[in-house]
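# Geometric and topological summary
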Amino acid sequence: MDRRSFIKSTGVATLGIGLNYSKTFSSNIKPTSNPVVIATWDVKNATNKAWDILIKNGESLDAIEQGCRVEEANKDGQSVGIGGLPDRDGNVTLDACIMNHKGNCGSVVYLKNIKHAISIARLVMEKTPHVILAGDGAKKFALSMGFFEENLLTDKSKSDWINWKKNEKYKPIINVENHDTIGMLAIDKNNNISGGCTTSGLAYKMQGRVGDSPIIGSGLFIDNEVGGAVATGLGEEVLKTVGSFLVVELMRQGYSPTEACKIAIERIVKKPESNYKNFQVGYIAINKNGETGCYAIQEGFSMTKYDKSGNSNIKSLFHDKKI
Ligand code: SD4
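Residues numbered from 1 in each chain as written. Predicted model: local features only at pLDDT ≥ 70, side-chain atom pairs only at ≥ 80, totals over all residues. Heavy atoms only, no water.

## So, the pattern of salt bridges
Counted only if it meets this: We count a salt bridge whenever a side-chain nitrogen from Lys or Arg sits within 4 Å of a carboxyl oxygen from Asp or Glu. Under the scheme used here, helices are H or I runs from DSSP no shorter than 4 residues and strands are E runs no shorter than 2 residues, and both carry numbers assigned from the N terminus. The buried label goes to any residue with under 20% of its type's maximum accessible area, the exposed label to any with over 50%, and the partly exposed label to all in between, with areas taken from a 1.4 Å probe on protein chains only.
Going through the model one piece at a time under the given rule, you end up with 15 salt bridges. Ionic pairing is found between Arg252 and Asp223, a salt bridge with its closest N-O pair at 2.8 Å. You can see Arg252 sitting in helix α9 (residues 243–252) and its partner Asp223 sitting in strand β7 (residues 220–223), a full 29 residues away along the chain. Judged by its relative accessible area of 18%, Asp223 is buried. Across the pair Glu237 and Lys271 runs a salt bridge, and its minimum N-O distance is 3.7 Å. In this pair, Glu237 sits in helix α8 (residues 235–241) while Lys271 sits in the loop between α10 (257–269) and β9 (281–287), placing the two residues 34 residues apart along the sequence.

## Description of the environment of Glu236
Under the convention used in this document: We call two residues contacting when some pair of their heavy atoms lies within 4.5 Å. For this analysis, a polar contact is any N or O atom pair within 3.5 Å, provided that within protein one partner can donate a hydrogen and the other can accept it, and provided that sequence-adjacent residues contribute only side-chain to side-chain pairs.
Here Glu236 shows up in helix α8. Owing to a relative accessible area of 26%, Glu236 belongs among the partly exposed residues under this scheme. Residues Glu236 and Asp212, 24 residues apart in the sequence, show an inter-C-alpha distance of 6.7 Å. Filtering out sequence-adjacent residues up to four positions away, Glu236 remains in contact with Leu202 and Arg209. Polar side-chain contacts of Glu236 include one of 2.8 Å to the side chain of Arg209.

## Section: the packing of helix α4 (residues 60–72) against helix α5 (residues 117–127)
Filter applied, for reference: The axes are straight lines fitted to the C-alpha atoms, using for helices just the contacting stretch, and the angles between their N-to-C directions are given from 0 to 180°. We call two directions roughly parallel when the angle between them is under 35 degrees, roughly antiparallel when it is over 145, roughly perpendicular when it lies between 65 and 115, and oblique otherwise. Residues are grouped as follows: nonpolar covers Ala, Val, Leu, Ile, Met, Phe, Trp, Tyr, Cys and Pro; charged covers Asp, Glu, Lys and Arg; every other residue, Gly included, is treated as polar.
Following both chains from N to C, one finds α4 and α5 inclined at 150°, their axes separated by 8 Å at the closest point. Judged by the inter-axis angle, α4 sits roughly antiparallel to α5. The segment α4 lies against α5, with Leu61, Asp62, Glu65, Cys68, Arg69 and Glu72 engaging Ala117, Ile118, Ser119, Arg122, Met125 and Glu126. Per-class residue counts for the contact of α4 with α5 are 5 nonpolar, 1 polar and 6 charged.

## Focus: the site of the ligand
Here is the rule: Any residue with a non-hydrogen atom lying within 4 Å of a molecule or strand is treated as near it. Note on areas: Shrake-Rupley with a 1.4 Å probe; residue coverage comes only from the protein chains shown.
As a matter of local geometry, the ligand sits amid Asp180, Thr181, Gly201, Leu202, Arg209, Gly211, Asp212, Ser213, Thr232, Gly233 and Gly235. In this structure, an oxygen atom belonging to the ligand sits 2.6 Å away from a side-chain N or O atom of Arg209. With respect to the ligand, the backbone of Gly235 contributes an N or O atom lying 2.9 Å from an oxygen atom. Summarising the interface, the protein chains cover 97% of the accessible area of the ligand, which totals 290 Å² for the free molecule. Residue composition of the shell around the ligand, by class: 1 nonpolar, 7 polar and 3 charged.

## Observations regarding the sheet that holds strand β13 (residues 317–318)
Put simply, the test is: Following DSSP output, two strands are said to pair if at least two bridges run between them.
With mixed pairing, the 5 strands of this open sheet are ordered in space as β7-β8-β9-β10-β13. Each of the sheet's edge strands pairs with one partner strand only, and the pair in question is β7 and β13. Sheet strands in contact with α9 are β7, β8 (227–233) and β9, and its direction is about 145° off that of β8.

## Remarks on the confidence of the model for the protein chain
Heads up, the condition is: Every residue is assigned a pLDDT by the predictor, reflecting its confidence on a scale from 0 to 100.
Of all residues in the protein chain, 87% have pLDDT values of 70 or greater, and the mean over the chain is 89. Scored below 50 in pLDDT, residues 1–23 makes 26 contacts in the model with residues more than four places away or belonging to other chains.

## So, unusual backbone geometry
Even without a glycine there, the phi angle at Asn113 is positive, about 65°. Turning to its location among the elements, Asn113 is positioned in the loop between β3 (105–111) and α5. Asn113 gets classed as partly exposed once you look at its relative accessible area, which sits at 25%. With phi around 45°, Val242 is a residue other than glycine that occupies positive phi space. Along the chain, the position of Val242 falls in the loop between α8 and α9. We classify Val242 as partly exposed; its relative accessible area is 38%.

## A word on the sheet that holds strand β2 (residues 94–99)
Here we have 8 strands laid out as an open sheet, ordered β4-β3-β2-β6-β5-β1-β11-β12, and mixed in their pairing. The open sheet has two edge strands with one neighbour each: β4 (132–134) and β12 (310–315). The sheet shows a mean angle of 10° between the axes of neighbouring strands, taken without regard to direction. Relative to β12, strand β11 (residues 302–307) runs antiparallel, the two sharing 6 bridges. Pairing of Met303 across the sheet is with Ile314, part of β12. Each of β1 (36–40), β5 (182–187), β11 and β12 touches helix α3 (residues 44–55); the most contacted strand, β1, lies at about 160° to it. Across the sheet, helix α6 (residues 135–144) touches β3 and β4, and the angle it forms with β4 is around 105°.

Right under this line is the structure:
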């Protein structure tokens, strides 16, 4: 492929920007808007909790963990923590990961009966020589760290599952109740960026299925010199394009957070035989300057942002709209 067709295919031409590596971020850049926290979907309680920590000079990693825990403890959220919709056999299984400004990360997959998956992911990062713990091993580790088991299947999620079983049709739902997997990114007053992602995954998935959310590079990626990104939506499509890593690498090339998210979404949309009209993927991103952005395939995605001007929910641009 020559340079012209490469530029065209990556969407650079559409955006009217060249591949200008001289724009590469330098750690000398002094952010002006910090602290900032952003999260996928409409989760103002979660960003509020994170902001409380950031504004008191707290570390972005603590803000991320505590912010994500708010949604994990919310029984009404049916795609994260307690209350999450189960797999097709009735098991609520959680996936989560966390990454800090030093490039360290931890993750849990297929975790059962422990609601604060994000905290277990952090402990995997801090207390073990590993990055990912799965299933029974993840639970055993959580119990050894003082966490306790509880039933995560609420009456509401159980009755939704029983209704679903009448037809057993598996179709990922677009924009579940505007409030889905939580992905969160924060930059603190010391200009350090961290991120986290926590979910019960897709409703009625096959037993054993793991999505993008706990996979570093797909569901989440942080590079403290450049920025961070996190994904929500149909995890299989994010995994196939290593979406969050892609967004961060695009920001490294000089793209704004919104532009980077847009190009990563187009990577999915333009795949051969892509049936993107049937599913949703959304990205949010933050760069070292504290600038933020988001982009999705379908209308209906949003990002919650808490910065010095307050806590607000911002509608995302989506595939058919030009930026
Ligand atoms: C997954 N990406 O397990 C998650 C689910 C999600 O909005 O984000 N839903 O594929």
